[in-house]
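# Observations on the model geometry
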Amino acid sequence: MSTRTYLRPVGRLTCPRRLIDAHPDRVIRIGGRDDLVFAALERIERRPDRSVERRLITPAEADGQMERGDLAAEQMQAALDAFATPRTELAGVALNRPRIMGIVNVTPDSFSDGGSFGSAREAIAFGRRLADEGADFLDIGGESTRPGSEAVPLEAELRRVMPVIEGLVGAVGARISVDTRKPEVMRRAALAGVDVLNDVSALTYDTDSLRVAAETRLPVVLMHAQGDPKTMQLAPHYEDVCLDVFDWLAKRVAACVGAGIARELIVVDPGIGFGKALEHNLELLAGLSLLHGLGAPIMLGASRKRMIGTLSGADEPQERTPGSIAAALAGAMQGASILRVHDVAATRQALLVWEAACRGQVIPSGPTGS
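Residues numbered from 1 in each chain as written. Predicted model: local features only at pLDDT ≥ 70, side-chain atom pairs only at ≥ 80, totals over all residues. Heavy atoms only, no water.

## Details of the overall build of the protein chain
Tallying secondary structure elements over the protein chain gives twelve helices and 14 strands in all. Taking 21 Å as the expected radius of gyration for a compact globule of 370 residues, we find that the protein chain reaches 20 Å, a close match to that expectation. Each principal axis of the C-alpha atoms in the protein chain carries an extent, and together these give about 60 × 50 × 45 Å. By the burial criterion, 55% of the 370 residues in the protein chain qualify as buried. Considering only residue pairs separated by 6 or more positions, the protein chain has 71% of its internal contacts joining residues 24 or more positions apart. (Helix = DSSP H or I, 4+ residues; strand = E, 2+ residues; numbered from the N terminus. Rg over C-alpha atoms; globule rule 2.2 N^0.38 Å. Buried < 20%, exposed > 50% of the residue type's maximum accessible area, 1.4 Å probe, protein only. Contact = heavy atoms within 4.5 Å.)

Have a look at this one:
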C-alpha cells in the first residue's frame, strides 16, 4: 500500500455572498452551491504503516502542492475535481439546499416506528401527511435493518411495500424512494413508478442488485454498513472510521459506474448506526464533509438513532426529536444534501430558520424541486 492523500473541506463560511464572490480563489465551493463554501482544507495522509497525519492548509497552499505532479498531487486534484462536480438534481429535485426524506416504515419491528400501520391505507395516509409537512422524498421500507434484525422473505416484503408505493406514486408531490436490499423489490418498485432506490447494503446484498439497479436507470443511494444487520453491532472496528468509510464507498461508486449506473445518479450515505459504535458515529458526523471527495450528494440518516439516546438520556426513540434535529443540522452544516428523518415538520422548520440565519436572508419554502 502506498501513501493515500485525502482532502476534507473545513471551516464553512456563512458570510455574505459578495465577500465570497470577491475572492473565489481563496475558498472551496462544493457542487456548484452558492451557500456551500469552505475556507480551508484538511489534508490527510494515510501511510503504508497505517499511521495518519492531518494538517490544515489553505486553497492556495493546495494549489502549490499540486504543482509537484506526484501521486499525492493527483489524489488532491481528484478531490478538488470531485468538490466541483455539480450536484444539480435528483429525480427532478434541485439539490441547491438541504432536502428532507421522510421515513415510512411498513414493518412490524423497525426500531422507532415498527408496527405503526395496521394497513397499507394507514401507511399511505401517513406518507401523504409527511408530504404535506414538506418532505421532498418519501422512503418506503418493508424490511427492518435495525441491529439484530432477521432478513425478511421476498414475498413478505413485497406485500408490505407495493400497495403503499402504488398508493403514493403520482398522489403526492414528494418523490418516492424504496428502501430495500432485494433486486426483485427494486425491479417491481421501479415498474410501479418509484423515483429512487435506497439500499443499505450499497448493492452488495445480492449478486443481481447492480444489474437490476442499472437497468432501472434510477438514482441509487449507496449506504455504508459494516456487517449484516443481525451482527453488525457486536464488535465494530475501524482503523480510521472516516477514511475507511470513504474508501469503501469509493469502491462501491466505482463498481456502480462500471455496471452502467451514471455517476450523477449516485448518492452516498455514511450509514450512521450500521456497524458503528458511538465514537464511530460521532467521528463520521464531525468528518462528514470528507465524503464530498466522492463527487456525489450525501444523504444522512441519524434520526432517532441509539446514539442520540446515549448522548441525551432519551430512552424511547419517540423522545429523540430534538437530538435528531441537532444531528440533521450538524449534517446540513457539513453539506449533506438529503436528511432522512422521522419528524418532517419539525426538521423542516429547524432547517428554514437555520438556513435563513446562515445566509442572512429569507429562504423561499416553495414546492419540491425549487
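## Considerations on the packing of aromatic side chains
The final tally for this structure, using the stated rule, is one aromatic pair. Measuring from ring centre to ring centre gives 5.6 Å for Tyr6 and Phe246, while their planes differ by 85 degrees; the resulting arrangement is edge-to-face. Of this pair, Tyr6 sits in strand E1 (residues 4-12) while Phe246 sits in helix H8 (residues 241-258), and the two are 240 residues apart along the sequence. Taken individually, Tyr6 and Phe246 each receive the classification buried, so the pair is uniform in this respect. The side chain of Arg4 reaches across the aromatic face of Tyr6, ending 4.5 Å from its centre. (Phe/Tyr/Trp six-rings, centres within 6.5 Å; stacked < 30°, edge-to-face > 60°. Lys NZ or Arg CZ within 6 Å of the ring centre and 35° of its normal.)

## Re the pattern of salt bridges
This structure, assessed with the given rule, holds 31 salt bridges. In this structure, Asp35 engages Arg12 in a salt bridge whose closest nitrogen and oxygen atoms are separated by 3.3 Å. Of the two residues, Asp35 is situated in the loop between strand E2 (28-29) and strand E3 (37-46) and Arg12 in strand E1; the sequence distance between them amounts to 23 residues. The burial state of Asp35 is the same as that of Arg12; both residues are buried. Of the charged contacts, one joins Arg340 and Asp179 as a salt bridge, the two residues approaching to 3.2 Å between their closest N and O atoms. One end of the pair, Arg340, is in strand E14 (residues 338-341); the other, Asp179, is in strand E9 (residues 175-179), and 161 residues separate them in sequence. Residue Arg340 shares its accessibility class with Asp179, and that shared class is buried. Through salt bridges with shared partners, a single network forms among Arg12, Arg33, Asp35, Arg97, Glu355 and Arg359. (Salt bridge = Lys/Arg side-chain N within 4 Å of Asp/Glu carboxyl O.)

## Focus on the nonpolar core
Core analysis: the biggest nonpolar cluster contains 72 residues, and Leu138, Ile140 and Ile261 have the highest contact counts within it. Residue contributions to this core peak at eight residues, all from H8. Setting aside residues no more than four positions away along its own chain, Ile261 makes contact with Leu203, Leu210, Ala213, Ala214, Val220, Cys256 and Ile266. One finds Leu7, Ile30, Leu36 and Phe83 within the second-largest nonpolar core, a separate group that totals 14 residues. (Core = buried A, V, L, I, M, F, W, Y, C linked by side-chain atoms within 4.5 Å.)

## Focus on the pairing of strand E7 (residues 99-105)
Burial of E7 is extensive: seven of the seven residues sit out of reach of the surface. Across the two faces of E7 the burial is the same, with Arg99, Met101, Ile103 and Asn105 and Ile100, Gly102 and Val104 all buried. Here E7 pairs with E14 via four bridges, running parallel. Note that in E14 the partner of Gly102 across the bridge is Val341. (Pairing = 2+ DSSP bridges.)

## Details of the side chain of Arg8
Here Arg8 is to be found in strand E1. Looking at Arg8, the relative accessible area reads 16%, which means it is buried. At 3.2 Å, the side chain of Arg8 and the side chain of Ser289 are in polar contact. Arg8 has contacts with Ala40, Leu41, Glu42, Ala286, Gly287, Ser289, Leu290 and Gln334, leaving out every residue within four places of it along the chain. (Polar contact = N/O pair within 3.5 Å; in protein donor to acceptor, adjacent residues only side chain to side chain.)

## Brief notes about the packing of H8 against helix H9 (residues 278-286)
At a closest axis distance of 9 Å, the pairing of H8 and H9 adopts a crossing angle of 70 degrees. With respect to H9, the axis of H8 lies roughly perpendicular. Mapping the contact onto sequence places Val241, Cys242 and Val245 in H8 and His280, Glu283 and Leu284 in H9. Residue composition of the contact of H8 with H9, grouped by class: four nonpolar, one polar and one charged. (Axes fitted to C-alpha atoms, helices over the stretch in contact; angles between N-to-C directions. Parallel < 35°, antiparallel > 145°, perpendicular 65-115°, else oblique. Nonpolar A, V, L, I, M, F, W, Y, C, P; charged D, E, K, R; others polar.)

## Focus on the sheet that holds strand E8 (residues 137-141)
With parallel pairing, eight strands are arranged side by side in an open sheet as E12-E11-E10-E9-E8-E7-E14-E13. If you trace the sheet from one side to the other, it starts and ends with strand E12 (266-269) and strand E13 (299-300), each paired once. Contacting E7 and E8, helix H4 (residues 120-132) runs over the sheet at an angle of about 165 degrees to E7.

## Some remarks on the environment of Asp199
Along the chain, the position of Asp199 falls in strand E10 (residues 196-199). Note on Asp199: relative accessible area 2%, which makes it buried. Residue contacts for Asp199: discarding those within four places in its chain leaves Thr180, Arg181, Met186, Thr204, Val221, Leu222 and Met223. Here the side chain of Asp199 touches Ser201 through a polar contact of 2.8 Å, landing on its backbone nitrogen.

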